[in-house]
Amino acid sequence: MPVPNCFRIARALRSMCAPITTVIAFSCLLTWIFILYQPNPGPGLTQRVGWQSWEVVSVPPSSASTNVPSTSEPISDSPASEALDLSSLPLDVWSPLLPHDTGLSEITVVRCLLDPAKTGDLCRPDSNSEQDAIKGKWVRVERNLNIEAGYMSGWLNIYYRRTRRQDINLITDIQLLPDKEQPSPSEGWRKVSTSLRTGVLRAPPLFMWYRVGKTAADMSTEEKAQIITELDLLYGEDVPWYGFDKLEPPTMIPKRNTLPTWITFRRGVKCKSFYVPPRAPPLHFSRDGKFKILQVADLHYSVSQGYCRDTLLSPCDHSDNMTTTLLGRVLDAEKPDMVVFTGDQLNGQGTSWDPKSVLAKFAKAVHARKIPWAAVFGNHDEEDGLAKDTQVMLMKGLPYSLVDRGPKDIHGSGNYVLKVMSADPSKTHLLTLYFLDSGSYSKGFPEWFGFFTSTEYDWIRQDQIDWFLQESGSISQIERPFVPDTGKDMGKIWDKRQGSDQVVPQSKRLAKPNALMFFHIPLAESYSKADTDRRTDKPLDVGISGQEQRGNAKGNDGFFEKGILKAMESDHRAAGQAHEVKVIGNGHCHLTENCRRVQGVWHCFGGGGSYSGYGKIGFDRRFRVYDISDYGETIRTYKRTEKDEVVDEMILAGIGAAPL
């Protein structure tokens, strides 16, 4: 008797049930392992990593030090000497920003098919308690040598031991050599058995050799200065982190779609600062009352050396390097006292996949010239996964950085205030600089594999408004215009410096110092109707605008009305309606570079200065300059283009500015 069709269908479904269930279950498992699973190390480990791994360890200046220069000595840009208890630094944590002076005793390389960050000690080199006590525990360099080779190559990590013992021989040199080669002479050299290219298809083997020297007890001061104290990796062709050097050749051979990977190392103590980066000197006006700020907007740097966009320059290769060269030329021409990066230092969008390698190079033209610098975040800086808090810690580890995380109980990272003082003995606060995090994106939707597609920009939130008003309220009023401590103190300099173009102290008033504010995403008011100059009946709007869509966020907590317009420079009605913040400097919009006054406050765009960011044929890359004089009373601005042209020079505040 024939079997009914319904029973045949049931048997067919039963036979397919097992394989279908297996495939679905295996897919769910892979999704959980590689996408959804985020291990929670617990509060103890989080606290440990927080201070040991990323923060720059430094000791506050002695009680005799202040935040302004002493006039008993010439004002200098050299950092204050720092005392640091190096014996307190941890030995069993990889933390390349810590200024270790302890040497390494052993190095190895281990390949793991699973991520060591999630599997813990599964792939850790063999050891025992005796070896750990003598040579130190194994420490993993938490960066993958095979990151550019794909998932099938696995994770290839360097491990080392670090010790403070005086009777252990320490590593003094490292070389990378092909197979069947060895250092000459070979005495004291040891070979790591695993190739640095293990897992990379068709890549010739490359092995690490390290030389073991004397024990710490037998070394002289000069010999201790040559021991290897830290290892790290660099992705791309640019400079390594401050204090590190690159080892040749790259472990990952660069190809069309593959960037090189380099092992970087730091040697023993070469200077008194123990590799703590030079600190920025206190911000102060010059003796003749001048202070200049250069705004750098939207660099859009990547791990690679970048690709030129929207320019007639030919050839135009390695746009990041070309932009750094252009910035260096502008710095040499302007000689600013400070540089402000107004966001989107990182390109994001998948090209800044190792933010540390990008942060190592974005400000090198500035700190190479020993210029203090500050920065705020843009909407692209956090796109490739590294949290802003961690980026702040990294930027604080660069020379001459003034970047600060700011309060942790308000929205964003990088809300902080800097004050510019007078150079005379009074050390008077003459100019306020506010920095805010305008956020990244307020809305979007997640895609498969964890990608996020944004739909709306973020904005400055209510708690940031409250913070700003609190900071503004804490600033004391001063007698303006400011006069240095008596002409007698200044000697003949006082008579010589008075000129017809300077503010003469005829009328005095009590008021807060003038202030400038910097954040990335512009306010909606940047596009509002401009004030009218009562002298000419023309709108107070100078520069190029209207070349692109508006860049402000759709959301708004009313920062302009509830914050900027509420912060007055004086509480006295007789002082008029002057606002404390005279200028707001933004980035974000590369083809917008105008200054527009709205309700008494200037909104100024920096304009695109990078060949790596979008532009427009015929629109020169440019940087905005704020030239403050008369001890903060006069604020002048202009732009310097890639052709060394100075355009749209105008006075925003002070003598010659449009009246309120």
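Throughout, residues of each chain are indexed from 1 in the direction in which the sequence is written. The predicted origin of the model limits local features to residues at a pLDDT of at least 70 and limits the giving and counting of side-chain atom pairs to 80 or more, whereas totals for whole chains, interfaces and linings rest on all residues. Heavy atoms from the whole structure form the basis of all side-chain values; hydrogens and water molecules are not counted.

## Observations concerning the overall build of the protein chain
Along the protein chain, the regular secondary structure elements total 13 helices and 28 strands. Expressed as a percentage of the 660 residues in the protein chain, the buried residues total 51%. In short, Shrake-Rupley with a 1.4 Å probe defines the accessible areas, and a residue's cover is counted only from the protein chains shown. Of the roughly 31,200 Å² that the protein chain leaves accessible, carbon and sulfur atoms contribute 53%. Every helix listed is a DSSP run of H or I at least four residues long, and every strand listed is a run of E at least two residues long, numbered separately from the N terminus. Exposure categories follow from relative accessible area, calculated using a 1.4 Å probe and restricted to protein chains: below 20% of the type maximum is buried, above 50% is exposed, and the middle band is partly exposed.

## Remarks on the pairing of strand β1 (residues 104-112)
In terms of burial, β1 is largely enclosed, as eight of its nine residues are buried. By definition, two strands form a pair when at least two bridges between them are found by DSSP. Taken together, the eight bridges between β1 and strand β3 (residues 155-162) define a ladder with antiparallel strand orientation. Looking across to β3, one finds that valine 110 is bridged to asparagine 157.

## Quick look at helix α6 (residues 319-334)
Every helix has an expected span of 1.5 Å times one less than the residues it contains. Look at α6: 22 Å from first C-alpha to last across 16 residues, which is about the 22 Å you get at 1.5 Å a residue. Turning to α6, its buried residues are Ser319, Asp320, Thr323, Thr324, Leu326, Leu327, Gly328, Val330, Leu331 and Glu334. Should any heavy atoms of two residues lie within 4.5 Å, those residues are considered in contact. Among the structural elements, β10 (291-296), β11 (338-342), α7 (355-362), α8 (364-367), β26 (622-629) and β27 (634-641) are those in contact with the buried residues of α6. One or two residues past the end of α6 sits lysine 335, with phi positive at roughly 50°.

## A word on the state of the cysteines
Two cysteine sulfur atoms form a disulfide, by the criterion used here, when they sit within 2.5 Å. Taken as a whole and assessed by the stated rule, the structure comprises three disulfides. Between cysteine 308 and cysteine 316 runs a disulfide, and the two sulfur atoms are separated by 1.8 Å. Around the S-S axis, the bridge from cysteine 308 to cysteine 316 shows a dihedral of about -80° and counts as left-handed. At a sulfur-sulfur separation of 1.9 Å, the disulfide partner of cysteine 595 is cysteine 604. Because the torsion about its S-S bond is 120°, the bridge between cysteine 595 and cysteine 604 counts as right-handed. With respect to burial, cysteine 595 and cysteine 604 carry one shared label: buried. The disulfide pattern of the protein chain is 1-2, 3-4, 5-6 when the bonded cysteines are numbered in sequence order.

## Considering the sheet that holds β10
Spatially, β12-β11-β10-β26-β27-β28 is the arrangement adopted by the six strands of the open sheet, whose pairing is mixed. Strands at the two margins of the open sheet, each flanked by one partner only, are β12 (373-376) and β28 (646-653). Geometrically, the sheet is characterised by an average inter-axis angle of 20° between neighbouring strands, direction not taken into account. Across four bridges, the pairing between β10 and β11 is parallel. If you follow isoleucine 293 over to β11, its bridge partner there is methionine 338. A fitted line through C-alpha atoms represents every axis, and for helices the fit uses only the stretch in contact; the resulting angles, taken between N-to-C directions, go from 0 to 180 degrees.

## Looking at the sheet that holds strand β23 (residues 581-586)
Strand pairing in a sheet relies on backbone hydrogen bonds. The paired strands run either parallel or antiparallel. One open sheet accounts for seven strands, arranged β13-β14-β19-β23-β25-β24-β22; its pairing is mixed. The sheet terminates laterally at β13 (416-421) and β22 (541-542), the two strands that pair on one side only. Examined bridge by bridge, β13 and strand β14 (residues 429-435) share six bridges and lie antiparallel to one another. The residue bridging leucine 418 from the neighbouring strand is leucine 433, located in β14. Of the strands in this sheet, β13, β14, β19 (514-518) and β23 are in contact with helix α10 (residues 462-473), which crosses β14 at around 170°.

## Some thoughts on the confidence of the model for the protein chain
pLDDT runs from 0 to 100 and stands for how confident the predictor is about each residue. Averaged over every residue, the pLDDT of the protein chain is 87; the share at 70 or more is 85%. Taken together, the stretch residues 41-82 has pLDDT below 50 and engages in 58 contacts with residues farther than four places along the chain or on a different chain.

## Structural notes on the pairing of β14
With seven of seven residues buried, β14 is to be regarded as a mostly interior element. One ladder, built from five bridges, connects β14 with β19; its direction is parallel. When the bridges of β19 are listed, tyrosine 434 appears paired with methionine 517.

## A few points about α10
Given a rise of 1.5 Å per residue, twelve residues ought to cover 16 Å, and the 16 Å separating the end C-alpha atoms of α10 matches this to within 8%. Considered for burial, the residues of α10 that qualify are Gln464, Ile465, Trp467, Phe468 and Ser472. Down the axis of α10, the smallest arc covering the buried residues is 160°, so these residues share one side. α10 presents Gln470 and Gly473 as exposed residues on the side facing more than 90 degrees away from its buried surface. Those residues of α10 that are buried lie in contact with β13, β14, β19, α13 (559-562) and β23. Directions are taken from the helix axis to each C-beta atom, and the arc is the one they span.

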